[in-house]
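For reference, the chains in residue letters:
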Amino acid sequence: QVQLVESGGGLEQAGGSLMLSCAASGRTVSSYVMGWFRQAPGKEREFVAASWSGARTLNADSVKGRFTISRDNAKNTVYLQMNSLKPEDTAVYYCAASRPPQYGLGMRSSEYDYWGQGTQVTVSS
C-alpha cells in the first residue's frame, strides 16, 4: 500500500505562486507514475500533470507554461509548482500514484491506484 499526503495549499492572489508537495510512504514510488488532479466545486475531477519515472512529464493544456511537476525520488516526494495562478485554478488538488506497469496516458483518474486526501487551493482575483 502507498499512502499519499499533500501539503502546500492555501489562499493566493491571482498572479501569485504556490508549491504543492505530495509525500509518499509505504513503498518507494520512484517507478510509479505520479499525477496531480484537481476538482472544483460542482465540476468533475480533472487531470493537471503527470510524471513518469524517467524525465517525461505531461501537463494539461490549461496549465501549460504555468505549472511544473517534479519529483525527488530520494525523498519519495512529488511537487507541483504553480505560477501565474488564476481564479479558475481554485480547486481541491489531489496527488495520485499509478503502480507499474503503466499502459495508459496518465490522464485518467482510473489509471491511478492510490490517492491523497487533497489540499485546497484558492486563488482570489
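I will try to describe carefully the structure that is included in this document. Every value quoted in this text rests on a predicted model; they were computed, and no experiment measured them. (Residues numbered from 1 in each chain as written. Predicted model: local features only at pLDDT ≥ 70, side-chain atom pairs only at ≥ 80, totals over all residues. Heavy atoms only, no water.)

Let's talk about the state of the cysteines
Condition: When the sulfur atoms of two cysteines come within 2.5 Å, that pair is taken as a disulfide. Helix numbering and strand numbering both begin at the N terminus, where a helix is a DSSP run of H or I of at least 4 residues and a strand a DSSP run of E of at least 2. For every residue, the accessible area obtained with a 1.4 Å probe (protein chains only) is divided by the maximum for its type, and the residue is called buried under 20%, exposed over 50%, and partly exposed between those limits.
Applying the stated criterion across every chain yields a total of one disulfide. Through a disulfide, C22 is tied to C95; the S-S separation comes to 2.0 Å. Because the torsion about its S-S bond is -75 degrees, the bridge between C22 and C95 counts as left-handed. Placement of C22 in strand β3 (residues 18–25) and of C95 in strand β9 (residues 91–98) is noted, with a sequence separation of 73 residues between them. Like C22, the residue C95 is buried in the burial classification.

What to know about the packing of aromatic side chains
Note the threshold: Two aromatic rings, drawn from Phe, Tyr or Trp (for Trp, its six-membered ring), form a pair once their centres lie within 6.5 Å of each other, and the interplanar angle then sorts them: stacked below 30 degrees, edge-to-face above 60, tilted otherwise. Distance and angle both matter: a charge sits over a ring if NZ of Lys or CZ of Arg is within 6 Å of the ring centre and within 35 degrees of the ring normal.
What the rule picks out here adds up to four aromatic pairs. When the ring of F37 is compared with that of Y112, the centres are 5.2 Å apart and the planes differ by 80 degrees; the resulting orientation is edge-to-face. One end of the pair, F37, is in strand β4 (residues 33–39); the other, Y112, is in the loop between β9 and β10 (114–115), with 75 residues separating them in the sequence. Of the two residues, F37 and Y112, neither departs from the other in class, the shared state being buried. Site record: aromatic cluster; members linked through ring pairs are F37, F47, Y112 and W115. Just above the ring of W115 sits the side chain of R45; from NZ or CZ to the centre is 4.7 Å.

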